[in-house]
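Here are the chains, one letter per residue:
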Amino acid sequence: MHIPSLIERKRDGGQLSAEEIGALITAFTSGDMPEYQMSALAMAIFFRGMDAGETSALTSAMLHSGSVLQWPAGAPLRVDKHSTGGIGDKTSLVLAPLLACDGLWVPMISGRGLGITGGTLDKLESIPGFRTRLDEDEIHDVIREVGCVMVGQTSGICPADKKLYALRDVTGTVPSIPLITASIMSKKLAEGLDRLVLDVKYGSGAFMKTREQADALAKSMVGVGCLLGVRASVRLSAMDEPTGEAAGNALEVAECVRCLKGGGPADLEEIVLDLCVSVSVSDRDTLRGWLHDGTAWQRFQRMVAAQGGDIDALERITEIHDAPCMGELRATTSGIVRRMDAGVIGHVILELGGGRAKADDEIDFAVGCDDIVKTGTEVGFGDPLMRVHARTDEALDAAISRLQDAVTID
Ligand code: URA
């Protein structure tokens, strides 16, 4: 295989065969294909796309770069959801324990922050001691004990996605339908699921900017799922303003804790319930009851403990990750908040250090925004629109100035 010729063929709009795609992924996973060549190929795919056959071959190659979780006969139904990514999208942390309360098994393989969107693994790793890198035996132990487990790709499960995901994050190659499809579906197929719901986002804070693009992404993922053996349902949702009232790793964990105790923002609770009902056995009211009577909160604490996390830290997470500089974005006029732009907020959080610019960058768990006012709220001149948590005064001033562009009030 001559890798430069395959990159050139895709660059010029040609097709790659399933064998060529398989060989490329094998070479990349083993380290024989250097990252600069994979970055170039990802950019060629970004511009030229892939047809359904190539996308399915890419997904299959990435899935088979590692092992598929095997479950004992008679085990509970395995279910999961995956979001295509958004700002303040913290639903996984609430949904996984809630579905486990329903007697289901949720073997969730997630990712880190990608582009402007935050990642489930980064959020979880803000909990002191929490281990997202578990081997297969540990995944089985936690599932048997708790009913849900939240882990990342490893050298044993979806190693190709682990490497490619980190490269795409810092090479401008995230918003590509075939690359997103293969990334998400390889992880979900590796879980050995019975039911999957896909939360496909569109809008300023999502990778797909329009509903039409999101629809095309949904069709691509469902199609690959059908071909490779998992039935998926889809929920398309707008991501023009952040989900909930917080965005930033530790701030989002704090909001999840509130939601798991029944006191979270209404939009977050409703999205979680919408997604849960598509894969659960119980109805919406029963699921909601578990969010309000402490059942889901207890399940979450059990999962955190089983994965090495400090449960006493959960209610103190913003004290543990306490950004030294805090300020408010205030309304410059009175009226109704018509726009609270998730895309602008996502970029600001990246610049504050809440995401990565290079693959080995450390994340600052403490930075971000909370108390974000929802669209439709009436505000007066000078009222706070959100609180910004920053590492330095300069970063805080720059963030507040940029965030003016996120808001429309009239
Ligand atoms: N989530 C993933 O796991 N992969 C993507 O490419 C986008 C969102």
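The structure displayed is predicted, hence computed values, not measured ones.

Re the overall build of the chain
- Secondary structure summary: the chain contains 17 helices and 11 strands in total.
- Taken along the three principal axes of its C-alpha coordinates, the chain extends 65 × 50 × 35 Å.
- Here the chain holds 410 residues, and 58% of them are scored as buried.
- Considering only residue pairs separated by 6 or more positions, the chain has 78% of its internal contacts joining residues 24 or more positions apart.

Considering unusual backbone geometry
- Here Cys158, not a glycine, exhibits a phi torsion of approximately 50°, which is positive.
- With respect to the secondary-structure elements, Cys158 resides in the loop between β3 (148-152) and α8 (159-169).
- Non-glycine residue Asp371 carries a positive phi angle of around 50°.
- Looking at the element boundaries, Asp371 is found in the loop between β8 (368-370) and β9 (378-379).
- On the accessibility criterion, Asp371 (46% relative accessible area) is partly exposed.

Considerations on the domain arrangement of the chain
- On domain assignment, one finds that the chain holds domain 1 (3-63), domain 2 (79-315) and domain 3 (322-409).
- The centre of domain 2, based on its C-alpha atoms, is set 24 Å off from the matching centre of domain 3.
- The interface is formed by 27 residues belonging to domain 2 together with 28 residues belonging to domain 3.
- Taken together, both faces of the contact between domain 2 and domain 3 bury some 1900 Å²; the carbon and sulfur share is 58%.
- At the boundary of domain 2 and domain 3, one finds 2 salt bridges.

Quick word on the pairing of strand β2 (residues 106-110)
- Taking burial as the measure, the 5 residues of β2 include 5 buried ones, the bulk of the element.
- Alternating positions in β2 separate into two faces, Val106, Met108 and Ser110 on one and Pro107 and Ile109 on the other, with burial throughout.
- When β2 meets β3, the two strands line up parallel, connected through 5 bridges. Each bridged residue has a counterpart across the sheet, and for Val106 the counterpart in β3 is Cys148.

Examining the sheet that holds strand β6 (residues 325-330)
- Reading across the sheet, the 3 strands line up as β6-β10-β8 and stay open at both edges, with antiparallel pairing between neighbours. Single-partner strands in this sheet number two, and they are β6 and β8. Looking at each pair of strands side by side, their axes are set apart by 30° on average, direction ignored.
- Bridge analysis of β8 against strand β10 (residues 384-390) gives 3 bridges, and the strand direction is antiparallel. Pairing of Cys369 across the sheet is with Val388, part of β10.

Let's talk about the site of the ligand
- Surrounding the ligand, one finds His82, Ser83, Thr84, Leu114, Tyr165, Arg168, Ile180, Ser183, Ile184 and Lys187.
- The contact in question runs from a nitrogen atom of the ligand to an N or O atom on the side chain of Ser183, over 2.7 Å.
- Within the contact set of the ligand, an oxygen atom lies 2.6 Å away from a side-chain nitrogen or oxygen of Lys187.
- Isolated, the ligand exposes 240 Å² of accessible area, and the fraction of that covered by the protein chains is 96%.
- Contributing elements (two or more residues each) for the shell around the ligand: β1 (79-83), α8 and α9 (177-190).

Some details on the pairing of β3
- Most of β3 sits inside the fold, with 5 of its 5 residues counted as buried.
- The alternating pattern of β3 places Cys148, Met150 and Gly152 on one face and Val149 and Val151 on the opposite face, and all of these are buried.

A look at the sheet that holds strand β5 (residues 232-238)
- Taken in spatial order, the 3 strands of this open sheet run β1-β4-β5, and their pairing is parallel. Two strands lie at the open edges of the sheet, namely β1 and β5, each paired on one side alone. On average, each strand axis in the sheet is inclined to that of its neighbour by 20°, with strand direction left out of account.
- In this fold α9 packs onto β1 and β4 (195-202), with an angle of close to 165° to the strand it touches most, β1.

Conventions we followed
- Residues numbered from 1 in each chain as written.
- Predicted model: local features only at pLDDT ≥ 70, side-chain atom pairs only at ≥ 80, totals over all residues.
- Heavy atoms only, no water.
- Helix = DSSP H or I, 4+ residues; strand = E, 2+ residues; numbered from the N terminus.
- Buried < 20%, exposed > 50% of the residue type's maximum accessible area, 1.4 Å probe, protein only.
- Contact = heavy atoms within 4.5 Å.
- Domains from an automatic or database assignment.
- Buried area = accessible area lost by both parts, 1.4 Å probe.
- Salt bridge = Lys/Arg side-chain N within 4 Å of Asp/Glu carboxyl O.
- Pairing = 2+ DSSP bridges.
- Axes fitted to C-alpha atoms, helices over the stretch in contact; angles between N-to-C directions.
- Near = heavy atom within 4 Å.
- Polar contact = N/O pair within 3.5 Å; in protein donor to acceptor, adjacent residues only side chain to side chain.
- Areas by Shrake-Rupley, 256 points an atom, 1.4 Å probe, with all protein chains shown as cover.

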